[in-house]
Amino acid sequence: AQKVTQAQTEISVVEKEDVTLDCVYETRDTTYYLFWYKQPPSGELVFLIRRNSFDEQNEISGRYSWNFQKSTSSFNFTITASQVVDSAVYFCALRNPRDSYGGSQGNLIFGKGTKLSVKP
Amino acid sequence: DGGITQSPKYLFRKEGQNVTLSCEQNLNHDAMYWYRQDPGQGLRLIYYSQIVNDFQKGDIAEGYSVSREKKESFPLTVTSAQKNPTAFYLCASAGTGVETQYFGPGTRLLVL
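J.: Describe the interface of chain A and chain B, and please don't skip the residues or the numbers.
T.: Contact residues are listed per partner, giving 23 residues for chain A and 27 residues for chain B. At the boundary of chain A and chain B, one finds zero salt bridges. Seen at the junction of chain A and chain B, the total is two residue pairs in polar contact (both at pLDDT 80 or more). Mapped by element, the contributors of at least two residues to the side of chain A that touches chain B are β5 (33-39), β6 (46-52), β10 (88-95) and β11 (108-110) of chain A. With four residues, β5 of chain A is the largest single contributor of residues to the side of chain A that touches chain B.

J.: I'd love a proper account of the sheet that holds strand β7 (residues 64-66) of chain B, names of residues and values included.
T.: Adjacent strands of a sheet form backbone hydrogen bonds with each other and so pair up, either parallel or antiparallel. All names here are of chain B. One open sheet holds the four strands; their spatial order is β1-β3-β8-β7, and the pairing between them is antiparallel. Unpaired on one side and paired on the other, β1 (4-7) and β7 mark the two borders of the sheet. Averaged over all adjacent pairs, the angle separating strand axes in this sheet is 20°, with direction ignored. Both β7 and strand β8 (residues 76-78) contribute to a ladder of three bridges, which runs antiparallel. Residue pairing in the sheet places V66 in a bridge with L76 of β8.

J.: Any details on the state of the cysteines? Residues and values, ideally.
T.: All names here are of chain B. Summed over all chains, the structure comprises two disulfides over all chains. In this model, C23 is linked to C91 through a disulfide, with the two sulfur atoms separated by 1.9 Å. Judged by the sign of its S-S torsion, about -75°, the bond between C23 and C91 is left-handed. Residue C23 is found in strand β3 (residues 19-25), and its partner C91 is found in strand β9 (residues 87-94); the two are separated by 68 residues along the sequence. No difference in accessibility class separates C23 from C91, as the two residues are buried.

J.: How would you sum up the pattern of salt bridges? Please name residues and give values.
T.: Residue and element names in this part refer to chain A. Following the criterion strictly, the structure yields six salt bridges over all chains and no others. For R51, the salt bridge goes to D55, with nearest N and O atoms at 3.1 Å. Classification of D55 as partly exposed rests on a relative accessible area of 24%. Put simply, R63 and D86 hold a salt bridge, and the shortest N to O gap is 2.8 Å. Within this pair, whereas R63 is found in the loop between β7 (59-61) and β8 (64-69), its partner D86 is found in the loop between β9 (74-79) and β10, the two being separated by 23 residues in sequence. Residue class for D86 comes out buried when judged on its relative accessible area of 1%. Here the salt bridges do not stand alone but share partners, grouping R51, D55 and E59 into one network.

J.: Break down a nonpolar patch on the surface for me, with residues and values.
T.: Where nonpolar side chains cluster on the molecular surface, the patch consists of Y10, F12, L110 and L112 of chain B and spans about 420 Å² of accessible area. Relative to the assigned elements, F12 of chain B resides in strand β2 (residues 10-13).

J.: Explain unusual backbone geometry to me, and be specific about the residues and the numbers.
T.: All names here are of chain B. Of the consecutive residues S7 and P8, the connecting peptide bond is found in the cis state with omega at -5°. Take P8: it is sitting in the loop between β1 and β2. Here N28, not a glycine, exhibits a phi torsion of approximately 60°, which is positive. Here N28 is to be found in the loop between β3 and β4 (31-37). In this structure N28 comes out as exposed when scored by relative accessible area, which is 56%. Notably, N53 is not glycine yet its phi reads approximately 65°, a positive angle.

What counts, and where the lines are drawn
- All residue numbers here refer to positions counted from 1 along the written sequence of the relevant chain.
- Naming scheme: in the order in which they are written, chains are lettered from A and ligands are numbered from 1.
- Where totals are concerned, whole chains, interfaces and linings use all residues; where local detail is concerned, this predicted model gives features only for residues with pLDDT of at least 70, and gives and counts side-chain atom pairs only at 80 or more.
- Side-chain numbers come from the whole structure's heavy atoms, not from hydrogens or water.
- Here, two residues are considered to be in contact whenever any of their heavy atoms come within 4.5 Å of each other.
- Note on definitions: salt bridges are taken to be side-chain nitrogens of Lys or Arg within 4 Å of carboxyl oxygens of Asp or Glu.
- Nitrogen and oxygen atoms within 3.5 Å of one another constitute a polar contact, given that in protein one can donate a hydrogen and the other can accept it, and given that sequence-neighbouring residues count only through two side-chain atoms.
- Put simply, DSSP marks the helices as runs of H or I at least four residues long and the strands as runs of E at least two long, and each gets a number from the N terminus on.
- In this scheme, strands are said to pair when DSSP sees at least two bridges between them.
- The convention used is that axes are lines fitted to C-alpha atoms, helices contributing only their stretch in contact, and that angles between N-to-C directions extend from 0 to 180 degrees.
- Count a disulfide wherever a pair of cysteine sulfur atoms falls within 2.5 Å.
- Under the scheme applied here, a residue whose accessible area is under 20% of the maximum for its type counts as buried, over 50% as exposed, and between as partly exposed, the area being computed with a 1.4 Å probe on protein chains only.
- A patch is a set of surface residues, each over 30% in relative accessible area and not in a salt bridge, joined within 9 Å for like charges and within 5 Å for the nonpolar side chains Val, Leu, Ile, Met, Phe, Trp and Tyr.
- Note on areas: Shrake-Rupley, 1.4 Å probe, and residue coverage restricted to the protein chains presented here.

Here you go:
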């Protein structure tokens, strides 16, 4: 079974604090893809990053960084020096390259999201 | 500007009424998806289409129907058979292969 768990339902921090959002996934496939999306109060999901299972290199993009560890099936997301504009719900998602019908395009399996509130 | 548009932003449904949510993309993407989001929940897949004139049921297709007559358009109809339609509906599209899904701004459906 494929599953994504975001154990932190809500996190509240004060501006400039660092915060890490946890994501643990389950899959039997050796090839898979992991994603993070941001959902601000407006509702639209904004793509942040995609990582494939063969690339365990950590990635940094400005104040955002991602730590992918296959040994623990985790793909955690850290925001450094958080800002009020980072307040949103963050979703982690898993995708396999083939769907249950054997098609060439798998579908996303989402965690339930972590609501981050950054207070001034 | 390339992107995904959804309309309307808010939609009100009366009991026993069918309503249709629009999703249009000009990204030249082959695949399109419909998701439902309930408060405090992740997204759940309703229907998806990998190519024109073909679509597949997702995890929660009951009470919904779709069509894919054009590459750019993937409308979702919420039928009267869907007894709990109040939710936030998100449309997404993706290119061929294992491509990233990009999302529209969503439609919030409320029952009167």
